[in-house]
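A structural walkthrough
The lines below spell out each chain.
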Amino acid sequence: AQHRPIRLGHDASLGVGHTDRIAVEGGKLIATGLVSRDTAAAREVVVSSKNGFPWQASIGAAVEEHEFVREGQTVQVNGQAFAGPVNVVRRSTLGEISFVDLGADGNTSASVHGIHQSLPLPGDTAVTTPAADTTTAAATATPEKSATPPVIQAAAPESAGPTVAELRAAAAVETQRIAAIRQVCGKDHPIIEAKAISDGWDATRAELEVLRAARPTAPAVHVRDSGLTPATLEAACILAGKHSEPTKVCDEQALTAADKRFRGGISLQELLLEAAWANGATARTFKSDPRQILRAAFSGMGGVQAGLSTIDLGGILSNVANKFLLDGFNAVERVWRNIAAVGPVSDFKAITRYRLIGKDQYEKVAPGGEIKHGTLGEISYKNQADTYGLMLSIDRRDLINDDLGAITLVPRKLGRGAGLKINDVFWTVFLNHATFFTAANKNLLTGADTALSIDGLTKAEQAFLEQVDPEGKPLGVMPAIVLAPPSLSAIGTQLFKSLELRETTANAKYPVANPHQGKFRVEISRYLSNPQYPGNSSKAWYLLADPNDLPAIEVVFLNGQEAPVIETAEADFATLGVQMRGYHDFGVALQEPRSAVKLKGEA
């Protein structure tokens, strides 16, 4: 578009005018226009320009294509070499052009040539054209001819030449100018000093150039990076952390954008810098001011330019951490989830679960339609949720070392810790069953013939099916799961899958057909035989009902939240770093003895 707003200092409320011609010529952005706004800003620009103020130009653009160059790398842009970290804008859309008193690119200029005349406003960066990608490009104003006839002034009479007194006075003024310039430039800016003296600059102009030279190199364009989103940063972290299933935890579009922009991954310092820059930070590198970068990344900054969105790094880290937390949590054995009933609780108070079997048969409805009241029964079971948690920190060394693994490894470790803890609690409760599996409950079988085999499984099935309810009637629940330690994994799989089992000894009489093929799902847990848990055995095994029908053991979670929770924040004042804490609210309790049979596997 040829008509773009002209502003003062990129402020939409400080309008100056509009452009009537915009072109890229010789690698420079040339814009002309009119001071068409009736505002105080417009009057300030015109009056200051008449007074000789050296306005500079700056553009505002929306980024369409962006590349981040890491620290320690260099990139060629418009024939110049730039050291990373630096953002290279490969494609952008021009939004507005502004008069500024100090542009990021000192080679720009902007001026007013008479009221209603063309206004040359070269930008301090070049927008991308189909012909070439550009980012930082110097521009020199080339004003168009005025649409208004120039004012013709009368020529002054010729002079006989300056007098000696005038020459001496001029020499004194020149000496003072040169001395002032040298004082401003000092020993650090000899090139600026020479140019200022030769081009007739005053001390003010020289001081302005010294200030520009002392400024850190910064992107020479005010941009709103519409391509950078929290989802893109999350996806970059997922790729860099090598998540086991990135497509299941991230949007495909975000993964594609992250891969294109960060070349398959992002470092920890890059992540902090991206968030800090979006929140208004000015530091070029993390090491130049770690405290400022951390504060800006986590909480935003006051002087965020209008129109620029902020990025919530805490939210991004929490989302990324939760994904790696679940990755670690699910990587730990989860047999408990397949054999237990799972339910929610609303608080940490003890809850009561009433027995699911008992006097609960329907009664015949008498004439008149009255239905008799039933009872919940006298026998009940208790359960209660507790909180388990752990806090880990990403300290200053991780940040300085640029270790992205810290924000992926730490939550994965917290997730694994949560998975190990729930297993520890669950199997401690399950194996502490001296009063649960007993001869009186008719759910404990012992002897050499109770080893896991066709005969042993037949005994277990018979004992389970002969269980009765409190009234002595059949239980009405079928066995569904064989639970065994790793030492019995092979025979358990054979009993479930094989159509026949052959005995290799010559004199043994053994049936070929497997009557239990496909009957009972086999679950193997290493905790059953681990010597750290009282009640462990490498020979004992169990036949269980489906937990949805009649559970032998129950796990409850606060508000139904089965996965652990992780939270991320900047460390406290005494610590430079990032803290992560994970916690898990759950409880475990044994339930109905009639839903399981234990076979000792030995005498």
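1. Details of the overall build of the protein
Counting its secondary structure elements, the protein contains 15 helices and 20 strands. Counting all 603 residues of the protein, 44% fall into the buried class. Within the protein, contacts between residues at least 6 apart in sequence are counted, and of these 71% link residues at least 24 apart.

2. Considerations on helix α7 (residues 252-262)
Listed in full, the buried residues belonging to α7 are Ala-254, Leu-255, Ala-258, Arg-261 and Phe-262. Taken end-on, α7 shows its buried residues confined to a sector of 140 degrees, consistent with a single buried face. Within α7, the exposed residues directed more than 90 degrees away from the buried face are Glu-252, Gln-253 and Lys-260. At its buried positions, α7 is contacted by β4 (56-69), α5 (230-240), α6 (246-249) and α8 (268-278).

3. Focus on the side chain of Ser-48
When you line up the elements, Ser-48 lands in helix α1 (residues 40-50). Among the residues examined, Ser-48 registers a relative accessible area of 18% and is labelled buried. Within the structure, the side chain of Ser-48 is placed 2.8 Å from the backbone oxygen of Glu-44, a separation counted as a polar contact. Ignoring anything within four residues of it in the chain, the contact list for Ser-48 reads Phe-53 and Trp-55.

4. So, the sheet that holds strand β20 (residues 596-599)
Read from one edge to the other, the open sheet built from five strands follows the order β13-β20-β16-β14-β15, with strand pairing classed as mixed. At either end of the open sheet lies a strand with only one pairing partner, and these are β13 (444-445) and β15 (521-524). Both strand β14 (residues 479-484) and strand β16 (residues 541-545) contribute to a ladder of four bridges, which runs antiparallel. Residue pairing across strands places Leu-483 opposite Tyr-542, the latter belonging to β16. Packed on one face of the sheet, helix α14 (residues 454-465) meets β13, β14, β16 and β20 and runs near 40 degrees to β16.

5. Here's the deal with the environment of Ala-81
For Ala-81, the location among the structural elements is in strand β6 (residues 80-83). What makes Ala-81 exposed here is its relative accessible area of 57%. Apart from residues no more than four positions distant in its own chain, Ala-81 is found in contact with Val-75 and Gln-76.

6. Some points on the confidence of the model for the protein
Low pLDDT means the predicted atomic positions in that stretch should not be read closely. Looking at the protein, the pLDDT average stands at 80 and 80% of residues meet or exceed 70. Every residue in residues 116-159 scores below 50 in pLDDT, and together they form 107 contacts with partners more than four places removed in sequence or on other chains. This stretch, residues 300-308, has a pLDDT under 50; its non-local contacts, to residues over four places away or in other chains, come to 15 contacts.

7. Quick look at the packing of aromatic side chains
Evaluated as defined, the whole model comprises 16 aromatic pairs. Centroid distance Trp-336 to Phe-426: 6.4 Å. Interplanar angle 50 degrees. Geometry classified as tilted. In this pair, Trp-336 is assigned in helix α11 (residues 335-339) and Phe-426 in helix α13 (residues 405-431), connecting sequence segments 90 residues apart. For Trp-336, a relative accessible area of 1% gives the class buried. Among the aromatic residues, those joined into a ring-pair cluster are Trp-336, Tyr-388, Phe-426, Trp-427, Phe-430, Phe-436, Phe-437, Tyr-527, Tyr-533, Tyr-542, Phe-557 and Phe-586.

8. Describing the pattern of salt bridges
When the charged atoms of two side chains with opposite charge come close together, those side chains can pair. On inspection of all chains with the given rule, the structure shows 19 salt bridges. With a shortest N-O distance of 2.9 Å, Glu-562 and Arg-337 are connected by a salt bridge. Of this pair, Glu-562 sits in the loop between β17 (553-558) and β18 (565-570) while Arg-337 is found in helix α11, placing the two residues 225 residues apart along the sequence. Residue Glu-523 is joined to Arg-521 by a salt bridge in which the shortest nitrogen-to-oxygen separation is 3.0 Å. With relative accessibility at 10%, the residue Glu-523 sits in the buried group.

9. Regarding the packing of helix α2 (residues 164-185) against helix α4 (residues 203-214)
One can describe the packing of α2 onto α4 by two numbers: an axis separation of 9 Å at closest approach and a directional angle of 15 degrees. Comparing their axes, α4 and α2 come out roughly parallel. Between α2 and α4 the crossing geometry is right-handed. Residue-level contacts link Ala-180, Ile-181, Val-184 and Cys-185 of α2 to Ala-203, Ala-206, Glu-207 and Val-210 of α4. Its residues placed into classes, the contact of α2 with α4 shows seven nonpolar, no polar and one charged.

10. Structural notes on unusual backbone geometry
Omega for the peptide link from Gly-84 to Pro-85 comes to 5 degrees, which places this bond in the cis form. Structurally, the position occupied by Pro-85 is in the loop between β6 and β7 (86-100). One non-glycine residue, Asn-78, adopts positive backbone phi at about 55 degrees. The residue Asn-78 is located in the loop between β5 (74-77) and β6 in this model. The backbone phi angle of Lys-442 is positive, close to 55 degrees, even though this residue is not glycine. Mapped onto the fold, Lys-442 is located in the loop between α13 and β13. A relative accessible area of 58% places Lys-442 in the exposed class.

11. Comments concerning the environment of Val-482
Secondary-structure assignment places Val-482 in strand β14. Using a relative accessible area of 4% as the deciding quantity, one classes Val-482 as buried. Separated by 115 residues in sequence, Val-482 and Val-597 have C-alpha atoms that sit 9.8 Å apart. Leaving out residues up to four positions away in the same chain, Val-482 has contacts with Leu-457, Phe-520, Arg-521, Val-522, Glu-523, Trp-541, Tyr-542 and Leu-543.

12. Quick look at the side chain of Arg-177
With respect to the element layout, Arg-177 can be found in helix α2. In this structure the side chain of Arg-177 is engaged in a polar contact, spanning 3.2 Å, whose partner is the backbone oxygen of Ala-196. Apart from residues no more than four positions distant in its own chain, Arg-177 is found in contact with Ala-196, Ile-197, Gly-200, Trp-201 and Asp-202.

13. So, α4
Here α4 contains twelve residues, and its C-alpha end-to-end distance of 16 Å stays within 8% of the 16 Å for a straight helix at 1.5 Å per residue. Among all positions in α4, only Ala-206, Leu-208, Glu-209, Val-210 and Arg-212 are buried. In this structure, the buried residues of α4 make contact with β4, α2 and α3 (190-198).

14. Some details on the pairing of strand β9 (residues 341-345)
Alternating residues of β9 divide into Ala-341, Gly-343 and Val-345, all buried, and Val-342 and Pro-344, none buried. Of the pairings in the sheet, the one linking β9 to β17 comprises five bridges and is parallel in character. In the strand pairing of β17, Gly-343 is matched with Val-556.

Cut-offs used in this document
- Residues numbered from 1 in each chain as written.
- Predicted model: local features only at pLDDT ≥ 70, side-chain atom pairs only at ≥ 80, totals over all residues.
- Heavy atoms only, no water.
- Helix = DSSP H or I, 4+ residues; strand = E, 2+ residues; numbered from the N terminus.
- Buried < 20%, exposed > 50% of the residue type's maximum accessible area, 1.4 Å probe, protein only.
- Contact = heavy atoms within 4.5 Å.
- Arc of directions from axis to C-beta.
- Polar contact = N/O pair within 3.5 Å; in protein donor to acceptor, adjacent residues only side chain to side chain.
- Pairing = 2+ DSSP bridges.
- Axes fitted to C-alpha atoms, helices over the stretch in contact; angles between N-to-C directions.
- pLDDT = per-residue confidence, 0-100.
- Phe/Tyr/Trp six-rings, centres within 6.5 Å; stacked < 30°, edge-to-face > 60°.
- Salt bridge = Lys/Arg side-chain N within 4 Å of Asp/Glu carboxyl O.
- Parallel < 35°, antiparallel > 145°, perpendicular 65-115°, else oblique.
- Left-handed = near helix turned anticlockwise from the far one by under 90°.
- Nonpolar A, V, L, I, M, F, W, Y, C, P; charged D, E, K, R; others polar.
- Expected span 1.5 Å × (residues − 1).

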